[in-house]
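# Breakdown of the fold
Each chain, letter by letter, is given below.
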Amino acid sequence: MTDRSSRHDVLVIGGGNAALCAAIAARRDGASVLVLEAAPRFYRGGNTRHTRNMRCAHDSATATLSGPYTEEEFLDDLMRVTGGRTDPDLARLMIAESKEVLDWIQAQGVRFQPSLGGTLSLGRTNSFFLGGGRAMLNALYLTAERLGVAVRYEAEVTALDIADGTFLGATVRHAGRSERIEAATLVAAAGGFEANIDWLKQGWGEAAENFLIRGTPYNRGTVLRMLLDAGVQPVGDPTQCHAVAIDARAPKFDGGIITRLDCIPFGIVVNRDARRFYDEGEDIWPKRYAIWGRLVAQQPGQIAYILVDDPALGLFMPSLYPPITAATIRELAAKLALDPDALETTVRDFNAAIRSGRFDPMNLDDCRTEGLDPPKTHWARPIATPPFHAYPVRPGITFTYLGVRVDAEARLVMTDGGKAGNMFAAGEIMAGNVLGQGYAAGIGMTIGAVFGRIAGRSAAVEARRRRNVEGAAA
């Protein structure tokens, strides 16, 4: 049956940062808006619940940022972490719009805390939400509802009616029954497919069974699959994703940011053969932390172990789970079920290769190894002071980069190169337009907020145009 009471101008599918920014922007532009969130109210917001900050360009220090972060520097950071695998026009658009979004998001009730110091090195580039991602979400929902945006929870979209690039209606399962909802325009902001293990296995094979999903269990890619099947042009690599090394003792789903380990630059990482496999000191942590999930995924059994000695414990944020601790490297190897001789050799060779310098945990320093493969190019200090500590890690998938292609209006692009008639997208479902690979801290929230706002405004304009056409025809 068709729910004729729900003939809105804009239908937003999703309930996180991108969806709410789209809903608010569309509503402020005069459109009637309905948001469909598949999760229960308590779990609303997708991966936004687990976020802490967003990265936006700004020309000078603010009350919550310690200094300027220019558009040029932002673009340089993005190009380096993606290796140039980004749509340059959309990347520049996102960065330029982020300057205005930084103020706009606060105008929607979101509050930021003073800039942070320490080893995260983000006080100048990233704004941290006061109260974290859940507080940010609560502020956006409160604003949306005050503006008159309608929200339905536990509302799962089971089918999309799309003809020739035009959205006609959605079938929604809600409160134990299915109904058809029609709207003048559609904004897809329902995330990626990271919680769909079978889909992950299409790109990763059986290794995906060992992945942990640190984000929401509700992002199964249902809406993404519907759009692709309806002829929307895909973008991105199905094996590329935001994947960090998280504690192997974390739950399968929804562990969130507290399962992440930030100690890799201050130790070494070995696989189950007790061998190092990558440079732990390649770059400052916010620019390289999101490569480690992928690196661990490529190791035997998709498992690795971070080793630090006792003085290093004070250099990083405490983890959710305590380290595995031993008085000697051999004893630690036994607790990790690693070959004691192999681990002792790895640690001994690492220590012998270190060339001392001035240790600086917040900047690229000159403490490095020489003649070691792989090298450690910064923050290399001997693992020599007992007790010794280890954290087991597995790939923690936050969101996937395979998504739908959009243009500068956030309008969907069809496989024939044409533009969708009335369909737009924002957030993780289209993040692959900007993130071909790699990640920089806070950029997921930037993509969501910027393109959510653009999608909402574009959808409102398109809905108004359609109303005018229908009025003229009548």
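Notes on the structure in this doc start here. (Residues numbered from 1 in each chain as written. Predicted model: local features only at pLDDT ≥ 70, side-chain atom pairs only at ≥ 80, totals over all residues. Heavy atoms only, no water.)

### Regarding the side chain of Glu-194
Inspection of the secondary structure assignment puts Glu-194 in the loop between strand 9 (183–188) and helix 5 (197–204). No salt bridge is formed by the buried Glu-194. Its closest oppositely charged neighbour is Arg-49, at 9.6 Å. Within the local environment of Glu-194, its side chain forms a polar contact with the side chain of Asn-47, the two groups lying 3.3 Å apart. Once residues within four sequence positions are removed from consideration, Glu-194 is found in contact with Asn-47, Leu-200, Ile-213, Thr-216, Asn-219, Ile-397, Thr-398, Phe-399, Thr-400 and Glu-428. (Helix = DSSP H or I, 4+ residues; strand = E, 2+ residues; numbered from the N terminus. Buried < 20%, exposed > 50% of the residue type's maximum accessible area, 1.4 Å probe, protein only. Lys, Arg positive; Asp, Glu negative; His and termini not counted. Salt bridge = Lys/Arg side-chain N within 4 Å of Asp/Glu carboxyl O. Polar contact = N/O pair within 3.5 Å; in protein donor to acceptor, adjacent residues only side chain to side chain. Contact = heavy atoms within 4.5 Å.)

### Observations regarding the pattern of salt bridges
The full count for this structure, using the stated rule, is 36 salt bridges. Among the salt bridges present, the one from Asp-229 reaches Arg-225, with a minimum N-O distance of 3.6 Å. In this pair, Asp-229 and Arg-225 both sit in helix 6 (residues 222–229), four residues apart, roughly one turn of the helix. Judged by its relative accessible area of 58%, Asp-229 falls in the exposed class. In this structure Arg-225 comes out as partly exposed when scored by relative accessible area, which is 32%. The closest approach of N and O atoms between Glu-282 and Arg-288, which form a salt bridge, is 2.7 Å. A single network of salt bridges, built from pairs that share partners, joins Arg-55, Asp-76, Asp-77, Arg-80 and Asp-283.

### Remarks on the packing of aromatic side chains
Scanning all chains against the criterion turns up 13 aromatic pairs. Where Phe-112 meets Phe-129, the ring centres are 5.6 Å apart and the plane angle is 25°; that geometry is what we call stacked. Highlighted residues: Phe-112 in the loop between helix 3 (88–107) and strand 4 (126–128) and Phe-129 in the loop between strand 4 and helix 4 (132–147), separated in sequence by 17 residues. Of the two residues, Phe-112 and Phe-129, both sit in the buried class. A centroid spacing of 6.4 Å and a plane angle of 75° characterise the contact between Phe-266 and Phe-359, whose relative ring orientation is edge-to-face. Remark: Phe-359 occurs in the loop between strand 16 (354–355) and strand 17 (368–369) and Phe-266 occurs in the loop between strand 12 (241–247) and strand 13 (268–271); sequence separation between them is 93 residues. What makes Phe-266 buried here is its relative accessible area of 11%. Aromatic ring contacts, followed pair by pair, group Tyr-289, Phe-399, Tyr-401 and Tyr-439 into a single cluster. Over the ring of Tyr-141 we find Arg-44; its NZ or CZ atom is 3.9 Å from the centre of that ring. (Phe/Tyr/Trp six-rings, centres within 6.5 Å; stacked < 30°, edge-to-face > 60°. Lys NZ or Arg CZ within 6 Å of the ring centre and 35° of its normal.)

### Regarding the sheet that holds strand 21 (residues 419–425)
Reading across from one edge, 5-2-1-9-21-20 is the order of the six strands in this open sheet, with mixed pairing throughout. Strand pairing shows two members of the sheet lacking a second neighbour, strand 5 (150–152) and strand 20 (411–413), which therefore form its edges. Averaged over all pairs of adjacent strands, the angle between their axes in this sheet comes to 35°, without regard to strand direction. Pairing analysis gives two bridges linking strand 20 to strand 21, with the strands arranged antiparallel. From the neighbouring strand, Val-413 faces strand 21, where its bridge partner is Lys-419. (Pairing = 2+ DSSP bridges. Axes fitted to C-alpha atoms, helices over the stretch in contact; angles between N-to-C directions.)

### Details of the sheet that holds strand 8 (residues 177–181)
Strand order in the open sheet formed by three strands is 6-7-8, with antiparallel pairing between adjacent strands. Two strands bound the open sheet, and with one partner strand each, they are strand 6 (156–163) and strand 8. Mean inter-strand twist for the sheet, computed between neighbouring axes without regard to direction, equals 20°. The pairing of strand 6 with strand 7 (residues 166–174) spans seven bridges and is classified as antiparallel. In the sheet register, Ala-159 faces strand 7, and the bridge partner there is Thr-171.

### A short note on the packing of helix 2 (residues 71–82) against helix 3
The N-to-C vectors of helix 2 and helix 3 enclose an angle of 135°; their axes lie 10 Å apart at closest approach. It follows that helix 2 is oblique to helix 3 by the angle criterion. In this structure, helix 2 crosses over helix 3, and the sense of that crossing is right-handed. Contact with helix 2, carried on its side by Glu-71, Phe-74, Leu-75 and Leu-78, involves Ala-91, Arg-92, Met-94, Ile-95, Ala-96, Ser-98 and Lys-99 of helix 3 and no other residues of that element. (Parallel < 35°, antiparallel > 145°, perpendicular 65-115°, else oblique. Left-handed = near helix turned anticlockwise from the far one by under 90°.)

### Section: the nonpolar core
By size, the foremost hydrophobic cluster in this structure holds 134 residues, and its most contacted members are Leu-227 and Phe-451. Among the elements that line this core, the one with the most residues is helix 11 (residues 443–473), at 10 residues. Residues Ile-268, Ala-326, Leu-343 and Leu-372 belong to the second largest nonpolar core, which totals 22 residues. (Core = buried A, V, L, I, M, F, W, Y, C linked by side-chain atoms within 4.5 Å.)

### Let's talk about the pairing of strand 14 (residues 304–309)
Within strand 14, six of the six residues are buried, which leaves it mostly tucked inside the rest of the structure. Two strands pair when backbone bridges link them, and strand 13 and strand 14 are joined in this way by four bridges, in the antiparallel orientation. Note that in strand 14 the partner of Asn-271 across the bridge is Ala-304. As judged from the six bridges shared by strand 14 and strand 18 (residues 388–400), these two strands associate in the antiparallel manner. Paired with Asp-309 across the two strands is Phe-388, which belongs to strand 18.

### Notes on the pairing of strand 12
With seven of seven residues buried, strand 12 lies mostly within the body of the structure. Pairing geometry for strand 12 and strand 18, over seven bridges, is antiparallel. The partner of His-242 across the bridge, within strand 18, is Phe-399.

### Details of the environment of Ala-459
Residue placement: Ala-459 occurs in helix 11. Residue classification places Ala-459 among the buried residues on the basis of a relative accessible area of 0%. Considered as a pair, Ala-459 and Leu-11 are 448 residues apart in the sequence and their alpha carbons are 9.1 Å apart. Residues within four places of Ala-459 in sequence aside, it is in contact with Val-10, Thr-185, Val-187 and Phe-424.

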